[in-house]
Amino acid sequence: MAPFLPPRQKKSEKNRFFFKNALKFSILIALTALFWGAKAHWGFWAHKRINRLAVFRLPVEMQVFYKKYIDYLSENAVNPDKRRYAVVGEAERHFIDLDVYGDSAFKVLPKHWKAAVQKIGEDSLRKHGIVPWHVQIAAAQLTAAFREKNTFRILRISADLGHYIADAHVPLHTTRNYNGQFTGQDGIHGFWESRLPELFAEDYDMWLGPAIYRKDIGHDIWKAVESSHSAMDSVLLFEKQLTDGFKVDKKYSFELRNNVLIRMHSREFSEKYHRVLAGQVERRMRASVQMVGDIWYTCWVDAGQPDLGQLANAEPRHLEQNTEAAEPQNWLQRLLHVRPESDN
Ligand SMILES: [Zn+2]
């Protein structure tokens, strides 16, 4: 009797099987990347809050306009994160991997974009993140928008600029080890910038004085990045020390969010981390609000203090169109090159 042999699959069936699974796999990757993207950077809550609070620091001549659009500025504070996978050149505006440039990064890197491109090369700069330069570029764009008295550009760039400034204040936005992936601390990114503010921001003191004029935005944004970077060691070290003294089942807990059970850092672990950081997240968030208000104000002054009262009557429905049409979309090109910032 002939031994039993399974029927051989026809070649076309095999191909179909392969392509079907390859397609499923690509969709899975795309969805995973999207999920990461949606959770990236200062949590959405913190970004919205930072832009909102910055409005209250502005002089009355600006508040007449900014307060009218405060919801727009707050809601759209997260636009740059939403665009990260869709727009070429967006992803690198949110971070800078300073450790790539060695110990003397701050000496090696020119403060201004043109000089940096000449010295390092644009491709290399973009690969490792450009947040301190992009803040300067966006500030120049905002000044131009004020000069043009272009309501929609002023609002769109203000919202975006608030986002980039806030990202520059996050310690883990200044390192290659942005999610603790090289030190066995995966998930620390979202833990620091989303989970902690969500749990404790109610107690943060966000009372800040009026906006002040920044005579050298380039200098100040680099100083902000420098202090973010110097806070990075304690962000990682304290989490590691705490983890060593915690059982895994105590470190994490499950919470129901939008009817989905999600694993998060437990309240107990978060409280301990919050305590050892001794107000670090609060200080970085305060500094963000401070600089966002200051730079909006500085751009307005540099543009000759145009009368914003006149602009406050613009039709808000145009805002939607303007925001959507702002950048070209290029999904697939971005999808596979954009790094995730956070996975929890
Ligand atoms: Zn961001």
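Look a little higher up for the structure.
None of the values given here were measured: they were computed from a predicted structure.

1. What to know about the environment of T175
Part 1 of the reasoning: Tracing the chain through its elements places T175 in the loop between α10 (151–168) and α11 (188–200).
Part 2 of the reasoning: In sequence terms T175 and V100 are 75 residues apart; their C-alpha atoms lie 8.0 Å from each other.
Part 3 of the reasoning: If sequence neighbours within four positions are ignored, T175 has contacts with D97, L98, D99 and M232.

2. Brief notes about unusual backbone geometry
With glycine set apart, most residues show a phi of negative sign, and most peptide bonds adopt trans.
Part 1 of the reasoning: Backbone geometry at K149 places phi at a positive 55°, although glycine is not the residue there.
Part 2 of the reasoning: With respect to the secondary-structure elements, K149 resides in the loop between α9 (131–148) and α10.
Part 3 of the reasoning: For Q305, which is not a glycine, the phi torsion comes out positive at approximately 50°.
Part 4 of the reasoning: Tracing the chain through its elements places Q305 in the loop between α15 (280–302) and α16 (308–311).
Part 5 of the reasoning: Residue Q305 is classed as partly exposed on the basis of its C-beta count, with 13 C-beta atoms lying within 10 Å.

3. As for the nonpolar core
Side chains of a nonpolar character, in soluble globular proteins, are inclined to be buried together.
Part 1 of the reasoning: Membership of the largest hydrophobic core comes to 65 residues, with the highest contact counts inside it found for I50, V135, L142, L161, I165, V292 and I295.
Part 2 of the reasoning: Listed by contribution, the elements that provide at least two residues to this core are α2 (44–55), α3 (60–66), α9, α10, α11, α12 (217–244), α14 (267–277) and α15.
Part 3 of the reasoning: No other element matches α15, which puts 10 residues into this core.
Part 4 of the reasoning: Look past the residues within four positions of V135 in its chain and what remains in contact with it is L161, Y164, I165, A168 and I221.

4. What about α15?
Part 1 of the reasoning: With 23 residues, α15 extends 32 Å between its outermost C-alpha atoms, agreeing within 8% with the 33 Å of an ideal straight helix rising 1.5 Å per residue.
Part 2 of the reasoning: Of the residues one or two after α15, G304 is the one with positive phi, at around 90°.

5. Structural notes on the packing of α12 against α14
Part 1 of the reasoning: Where α12 meets α14, the closest approach of the two axes is 10 Å, and the angle between their N-to-C directions is 140°. The angle between α12 and α14 falls in the class oblique. Here α12 runs over α14; the crossing is right-handed. Counted together, F238, E239 and L242 of α12 and F269, K272, Y273, V276 and L277 of α14 form the full contact between these two elements.

6. Things to note about the pairing of strand β1 (residues 252–257)
Part 1 of the reasoning: Across the six residues that make up β1, only a small minority, zero, are buried.
Part 2 of the reasoning: In this structure, β1 lies alongside strand β2 (residues 260–265), joined through six bridges in antiparallel fashion. In the strand pairing of β2, S253 is matched with M264.
Part 3 of the reasoning: In this structure, the hairpin formed by β1 and β2 is closed by a connection of two residues, where N258 is found at a positive phi of approximately 50°.

7. Concerning the environment of S230
Part 1 of the reasoning: Structurally, S230 is set in helix α12.
Part 2 of the reasoning: According to the C-beta neighbour criterion, S230 is exposed, with 11 such atoms within 10 Å.
Part 3 of the reasoning: Along the chain, S230 and T174 lie 56 residues apart, while their C-alpha atoms are 9.4 Å from each other.

What counts and what doesn't
- Residues numbered from 1 in each chain as written.
- Predicted model: local features only at pLDDT ≥ 70, side-chain atom pairs only at ≥ 80, totals over all residues.
- Helix = DSSP H or I, 4+ residues; strand = E, 2+ residues; numbered from the N terminus.
- Contact = placed C-beta atoms within 7 Å.
- Buried ≥ 20, exposed ≤ 12 C-beta atoms within 10 Å, placed from the backbone.
- Core = buried A, V, L, I, M, F, W, Y, C linked by C-beta atoms within 7 Å.
- Expected span 1.5 Å × (residues − 1).
- Axes fitted to C-alpha atoms, helices over the stretch in contact; angles between N-to-C directions.
- Parallel < 35°, antiparallel > 145°, perpendicular 65-115°, else oblique.
- Left-handed = near helix turned anticlockwise from the far one by under 90°.
- Pairing = 2+ DSSP bridges.

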